[in-house]
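Structure assessment
Here are the chains, one letter per residue:
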Amino acid sequence: MESSQLKEIIQGIPKAELHLHIEGSFEPELMFEMAKRNNITLDYDSIESLKKAYKFNNLQEFLDIYYTGAQVLIHEQDFFDLTWEYLTKVHSQNVVHVEIFFDPQTHTDRGIGFDVVINGIRKALEKAKQELGISFKLIMSYLRHLSEEKAFKTLEQSIPFKDWIDGVGLDSSEMGNPPSKFVNVFKASAEQGYKLVAHAGEEGPADYIWEALDLLKVVRIDHGNRCLDDEALVQRLLDENMALTLCPLSNVELKVIQKMEEHPVAKMLKKGILATIHSDDPAYFGGYMNENYYETAKALNLNKDQLKQLAINGFEASWLSSEEKVKHISRVDAYFDSLH
Ligand code: HPA
Ligand code: ZN
């Protein structure tokens, strides 16, 4: 397929984004603008020099820069602007449903109120629902390099806002911070009615995916690349129709894989795994949803049926109601029918 034709097809697909860290959508231009209005001096003297620093050998090198960038976010308006910019961007890419992560501890540890963070994000999500027709869910992520006790504190802070929070996740430095470290706080989170997800098997081993399933009792695995190392685990994912939220550009940029041609998503689809594609931290990894679909499709030679499956899987793996899923999936079907 011609690259222009492939891009046009991808643009037209109605899509769901299920793995997106809102702090990772912080574009350098907005970061500089916000730093100026908040009187914060960045370590970089220009947008270009900041962008030059976006070269990572592993997850930790990225996280160090990502947490530094987030320090510019101070006021409710900042969280609103960050979220609104992301939502208008993905609206232009025909993303119609989002389930986004935020990292409360990145902000509360700097003395920013939990309410400041969530009010700004929530207002942008509401506005996007009204004005752009984007539906949404919100997921609060615990930082796994911090203690379980600190995650408990975050859970406690979230309770007044629990009607606005659909689930909890687990992100940050994976190696040495296995899911088992957070068993108690995940149990307590479930008791509050939160759905559970966790990053597992991005840099960490297949064992971490087992732990996320067996100990944390998650309903979705974020990344999960390493599952193909373990046949019994693949069978388990199939038996439970467990979704994996894959992030191909992220995987290349963080050297989880050496090049896109090695991405496991095509193998996963072939096995029947509920694999989905998302952008993770688009401002840092060189692309939003369409670019992730495009680069993956190009490198792996995905055909229209595989693209359609990925789009359907995105809605299938979402937390929309069954009626809403049926509605979106029938639109994906109709779109691909219209291409013939
Ligand atoms: N992995 C772990 N933690 C993260 C990521 C990621 O890809 N992005 C933001 N926090
Ligand atoms: Zn992630």
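Quantities reported herein were computed from a predicted structural model and do not represent experimental measurements. (Residues numbered from 1 in each chain as written. Chains lettered and ligands numbered in written order. Predicted model: local features only at pLDDT ≥ 70, side-chain atom pairs only at ≥ 80, totals over all residues. Heavy atoms only, no water.)

A word on the site of ligand 1. Close contacts around ligand 1 come from His21, Leu59, Phe62, Leu63, Tyr66, Asp171, Ser172, His199, Glu202, His223, Asp280 and Asp281, and that covers them all. A distance of 3.3 Å separates a nitrogen atom of ligand 1 from a polar atom in the side chain of His21. Measuring from an oxygen atom of ligand 1, one finds a side-chain N or O atom of His223 at 3.4 Å. Relative to its unbound accessible surface of 260 Å², ligand 1 loses 100% to contact with the protein. Looking at the shell around ligand 1, the element that brings in the most residues is helix H4 (residues 59-70), giving four residues. (Near = heavy atom within 4 Å. Polar contact = N/O pair within 3.5 Å; in protein donor to acceptor, adjacent residues only side chain to side chain. Areas by Shrake-Rupley, 256 points an atom, 1.4 Å probe, with all protein chains shown as cover. Helix = DSSP H or I, 4+ residues; strand = E, 2+ residues; numbered from the N terminus.)

Moving on, we come to the packing of aromatic side chains. Scanning the entire structure with this criterion turns up 15 aromatic pairs. Between the aromatic rings of Phe62 and Tyr66, the centroid separation amounts to 5.0 Å while the plane-to-plane angle is 40°, which identifies the pairing as tilted. Separated by four residues within a single helix, Phe62 and Tyr66 lie in helix H4, roughly one turn from each other. Considering the side-chain rings of Phe62 and Tyr284, the 5.4 Å spacing of their centres and the 75° angle between planes classify their relative orientation as edge-to-face. Here the residue Phe62 occupies a position in helix H4, and Tyr284 occupies one in helix H14 (residues 282-285), the gap between them amounting to 222 residues. Each member of the pair Phe62 and Tyr284 is classed as buried. In this structure an aromatic cluster arises from ring pairing among Tyr54, Phe56, Phe62, Tyr66, Tyr67, Tyr284 and Phe285. Directly above the aromatic system of Trp84 lies the positively charged group of Lys127, at a separation of 4.8 Å from the ring centroid. (Phe/Tyr/Trp six-rings, centres within 6.5 Å; stacked < 30°, edge-to-face > 60°. Buried < 20%, exposed > 50% of the residue type's maximum accessible area, 1.4 Å probe, protein only. Lys NZ or Arg CZ within 6 Å of the ring centre and 35° of its normal.)

In this section: the coordination of the zinc ion (ligand 2). Binding of the zinc ion (ligand 2) to the protein goes through His19 (NE2), His21 (NE2), His199 (NE2) and Asp280 (OD), at separations of 2.0 to 2.2 Å. Classification of the site at the zinc ion (ligand 2) rests on its four donor atoms, whose angles at the metal span 82 to 174°, yielding the label irregular. Counting along the primary sequence, the residues that act as donors to the zinc ion (ligand 2) give the motif H-x1-H-x177-H-x80-D. Residue His21 is located in the loop between strand S1 (15-17) and helix H2 (28-37), and its partner His199 is located in strand S5 (residues 195-200); the two are separated by 178 residues in the primary sequence. With respect to class, His21 is no different from His199; both count as buried. (Donors = N, O, S within 2.8 Å, 3.2 Å for Na, K, Ca; no water. Tetrahedral: all angles 85-135°; square planar, octahedral: opposite > 155°, others 65-115°.)

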